[in-house]
Amino acid sequence: MSVIAAIRPDDVNFPLFLHVLGAMLLVGMLFAVATAVLISWRGESDAAALTRFGLRTLLLGVLPAYVLMRIGAEWTYAAADYPDEFDPAWIGIGYITADAGVVLILISIILSAIGLRKLRSGGGLGLGRAVGIISLLLLVAYLVAVWAMAAKPD
Amino acid sequence: MALYDWLLFLHVLSAVALVGALAVFWALVLATRPAAPLLSQSAAAGIVKPTNILVIAGTVGVLVFGIWLAIDHDDYQVWDGWILGSLILWAISGWLGDRSGKAFTRAMQPEHAAARRPGLIYHTASSVAVFAILVMMIWKPGA
């Protein structure tokens, strides 16, 4: 099955490029969110600004990167035209992390929107921390997905 | 897992770290723009430190595991055109990234705020070079 996955028609290159680029940007944006929130958690004087940066990055960076990654994934799968019986573990891991991830991203978006509003009145740090923890969980999940996509376990 | 699978995973993971770190730097560039700064220079510096580790690990990792992959895999040679081209772009992007980091560090001092502009130009050029490497890795021209 790895051989089938390794041989790819030229039609797959562009959607695969979008998928890979989206995944890379997604990991980077999640890293930015988690880092900003963790630093603010240490009681820095800029805690509110760091939390605001983290929450805005989630809204403006994580969501578009996820959409790019997910559209690229579906387009790549369709363009690769795998046989019907082709159902390896690495594609299953990809779908699980992507589909479970979107639930957590949607929860984070709601928390971020509320958190950004509360930050204006001096609150919102707790919601920021919740978003930071979710971002860390997503980072771990997507690192597993990177392993599955690269090593392609059957 | 075979050695090739591990090398490919570590190579891709390094590439994710490199591109991800460049994206974080772009977010910081936007968040510290003088017209409407979202972050103070000191707050941004706190995020820069771990991101620097990420970008260095990614930059070194893609090279080491990439060359190792080319040596390990019979279908690829280090002197293949698309690999040589990527190596040249890697060196250029690393040099530009280093210049960008130095310019932005200098721009953190109010009296050297003008250094932000060359920093932005270097960072843009470095990002374009890495983008071109990614294109070469996917399309493998000449392979």
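A quick note: this is a predicted structure, and the numbers were derived from the prediction, not measured.

Calculation notes
Residues numbered from 1 in each chain as written. Chains lettered and ligands numbered in written order. Predicted model: local features only at pLDDT ≥ 70, side-chain atom pairs only at ≥ 80, totals over all residues. Helix = DSSP H or I, 4+ residues; strand = E, 2+ residues; numbered from the N terminus. Buried ≥ 20, exposed ≤ 12 C-beta atoms within 10 Å, placed from the backbone. Contact = placed C-beta atoms within 7 Å. Nonpolar A, V, L, I, M, F, W, Y, C, P; charged D, E, K, R; others polar. Expected span 1.5 Å × (residues − 1). Core = buried A, V, L, I, M, F, W, Y, C linked by C-beta atoms within 7 Å. Axes fitted to C-alpha atoms, helices over the stretch in contact; angles between N-to-C directions. Parallel < 35°, antiparallel > 145°, perpendicular 65-115°, else oblique. Left-handed = near helix turned anticlockwise from the far one by under 90°. pLDDT = per-residue confidence, 0-100.

Hey, could you run me through the overall build of chain A in this one?
If you tally the helices and strands in chain A, you get 5 helices and 0 strands. For chain A, the succession of helices and strands along the chain, N to C, is α-α-α-α-α. Counting only C-alpha atoms and orienting by the principal axes, one finds that chain A spans roughly 55 × 25 × 20 Å. Looking at the 154 residues of chain A, the share that counts as buried comes to 40%. For chain A, the share of sequence-separated contacts (at least 6 apart) that also reach a separation of at least 24 residues comes to 83%.

Would you mind going over the overall build of chain B with me for this structure?
When you go through chain B residue by residue, the secondary structure sums to 4 helices and 0 strands. The order of α-helices and β-strands along chain B, N terminus first, is α-α-α-α. For chain B, the spread of C-alpha atoms along the principal axes amounts to about 55 × 30 × 20 Å. Buried positions account for 36% of the 143 residues belonging to chain B.

I tried to follow unusual backbone geometry on my own but got confused; where do I start?
Trans peptide bonds make up the majority, and among non-glycine residues the majority have a negative phi. Residues and elements named next belong to chain A. Its identity as a non-glycine residue notwithstanding, Asp81 has a phi of 50°, on the positive side. Topologically, Asp81 is positioned in the loop between helix H3 (47-80) and helix H4 (89-119). Classification of Asp81 by C-beta neighbours within 10 Å gives exposed; the count is 11. Here the phi dihedral of Lys152 falls at roughly 50°; this positive angle occurs in a residue that is not glycine.

Looking at this structure, I do not really get the interface of chain B and chain A. What am I missing?
Reports often express the size of an interface as the amount of accessible area lost when the parts come together. Contact residues are listed per partner, giving 28 residues for chain B and 28 residues for chain A. The element contributing the most residues to the side of chain B that touches chain A is helix H1 (residues 3-31) of chain B, with 14 residues. Here the residues of the side of chain B that touches chain A are counted per class, giving 23 nonpolar, 4 polar and 1 charged.

Which parts of the structure should I look at to understand the environment of Ala15(B)?
Position of Ala15(B) relative to the elements: it lies in helix H1. By C-beta crowding, Ala15(B) is classed as buried, having 24 other C-beta atoms within 10 Å. A sequence separation of 40 residues divides Ala15(B) from Val55(B), and the C-alpha atoms of the two residues are 9.3 Å apart. Those residues in contact with Ala15(B) that sit more than four places away from it in its chain are Met24(A), Gly58(B) and Val62(B).

So what exactly am I meant to see when it comes to helix H2 (residues 13-41) of chain A here?
In an α-helix, one full turn covers 3.6 residues, which means residues spaced three or four apart are oriented alike. Residue and element names in this part refer to chain A. End to end, H2 covers 42 Å across 29 residues, agreeing with the expected 42 Å (1.5 Å per residue, within 8%). Counting buried positions along H2 yields 21 of 29 residues, so the element is predominantly enclosed. At the C-terminal side of H2, Gly43 shows a positive phi close to 85°.

Quick question: what am I supposed to make of the nonpolar core here?
Soluble, globular proteins show a tendency: their nonpolar side chains are buried together. Counting residues in each nonpolar core, the largest one holds 72 residues, and the members touching the most others are Leu26(A), Val33(A) and Val16(B). Of the residues forming this core, the biggest block, 18 residues, is contributed by H1(B). What Leu26(A) contacts, discounting residues up to four positions off in sequence, is Val62(A), Ala65(A), Tyr66(A), Met69(A) and Tyr142(A).

What exactly am I supposed to notice about the packing of H4(A) against helix H5 (residues 125-151) of chain A here?
Axis angle and axis distance: for two packed helices, these are the angle between their axes and the distance between the axes, and together they describe the pair. Residues and elements named next belong to chain A. Contact geometry for H4 and H5: axes closest at 9 Å, N-to-C directions at 165°. By the angle class used here, H4 and H5 are roughly antiparallel. In this structure, the crossing between H4 and H5 has a hand that is left-handed. Grouping the amino acids of the contact of H4 with H5 by side-chain chemistry returns 18 nonpolar, 8 polar and 1 charged.

Sorry if this is basic, but what is going on with the confidence of the model for chain B here?
Put simply, chain B has an average pLDDT of 94, and 100% of its residues get 70 or more. Both scores are available for the predicted complex, with the pTM at 0.93 and the ipTM at 0.94.

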